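# Structural characterization, general
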Amino acid sequence: MIFTVAIDGPAAAGKGTIGRALAARFGFRHLDTGLLYRAVGAKGGDPVAAAEGLVPSDLERDDLRSLAAGQAASKVAVIPEVRAALVDFQRRFARAEGGAVLDGRDIGTVICPEAEVKLYVTASAEVRAHRRWLEVGGDQSLVLAEVRERDARDMGRADAPLRAAADAVVLDTSEMTVEAAVARAIAVVEQTLEGRG
Ligand code: CDP
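Computed from a predicted model, the values in this text were never measured in an experiment.

What counts, and at which threshold
Residues numbered from 1 in each chain as written. Predicted model: local features only at pLDDT ≥ 70, side-chain atom pairs only at ≥ 80, totals over all residues. Heavy atoms only, no water. Near = heavy atom within 4 Å. Polar contact = N/O pair within 3.5 Å; in protein donor to acceptor, adjacent residues only side chain to side chain. Areas by Shrake-Rupley, 256 points an atom, 1.4 Å probe, with all protein chains shown as cover. 1 Å grid on protein atoms, 1.4 Å probe; cavity = no way out; pocket = protein on both sides within 12 Å on 5 of 7 lines; lining within 4 Å. Sits in = over half its atoms within 2 Å of the grid points. Helix = DSSP H or I, 4+ residues; strand = E, 2+ residues; numbered from the N terminus. Buried < 20%, exposed > 50% of the residue type's maximum accessible area, 1.4 Å probe, protein only. Pairing = 2+ DSSP bridges.

Surrounding the ligand, one finds 19 residues, the nearest of these being Arg-38, Arg-83, Arg-132, Arg-150 and Asp-154. In the model, an oxygen atom of the ligand is placed 2.8 Å from a nitrogen or oxygen of the Arg-132 side chain. One of the side-chain N or O atoms of Arg-157 is found 2.9 Å from an oxygen atom in the ligand. Coverage of the ligand by the protein chains reaches 97% of its 530 Å² of free accessible surface. According to the grid-proximity analysis, the pocket containing the ligand is the largest pocket. Mapped by element, the contributors of at least two residues to the shell around the ligand are helix H2 (34-43), helix H4 (67-76) and helix H8 (140-156). Considering every element that reaches the shell around the ligand, the biggest residue donor is H2, with three residues.

Shown next, in the form of structure tokens:
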């Protein structure tokens, strides 16, 4: 079965948690596409060469989840040649046999517009910054500033800006528990799978 779940949304909205839960529930593979951009940013040097030469071990660095790596990722992510170098890998992952969940910024709009399920997961900037602060610690107002700066860059770029696809189900998790958000996402996927018979 070829079945793609595209999850897009702004920084720290809970895409990864929902993506992992859906993959576990339905036995699909999961790709956190943000990690590709984080790895390109973290490699340093020429970002286009870094994207073209990306290898699986680059995704295993233990510093990729830091705020600095997030900023570096969103800076290299505005470069069209960087994005282009990562398209084929993501498309193959999305349409390989067995079902796939991909989370990112442009999965439902650019990478896989034919995805069977599209979710746009969001929450207020304050709630998202609080969640990220619980993970990374430090100064909470700096984390909020970082989230806002990255949102503005991701939404404002010319190539593949962050936006909800017209046919995406929007999930605002500002006032939802993780369990409730995951349950809602599972229900959307189940409904689509049932509809296919
Ligand atoms: O985990 P978080 O939501 O904070 O970020 P991420 O998903 O790891 O993405 C890091 C950065 O990579 C984003 O701010 C985007 O600039 C970029 N990105 C992108 O442009 N397209 C994607 N499909 C995924 C990430």
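What follows concerns the pairing of strand E1 (residues 4-8). Within E1, five of the five residues are buried, which leaves it mostly tucked inside the rest of the structure. Covered by surrounding structure in E1 are Thr-4, Ala-6 and Asp-8 together with Val-5 and Ile-7, the residues of both alternating faces. Pairing of E1 with strand E4 (residues 117-122) involves four bridges; the strand directions are parallel. Residue Ala-6 lies in a different strand from E4, and its bridge partner there is Lys-118.

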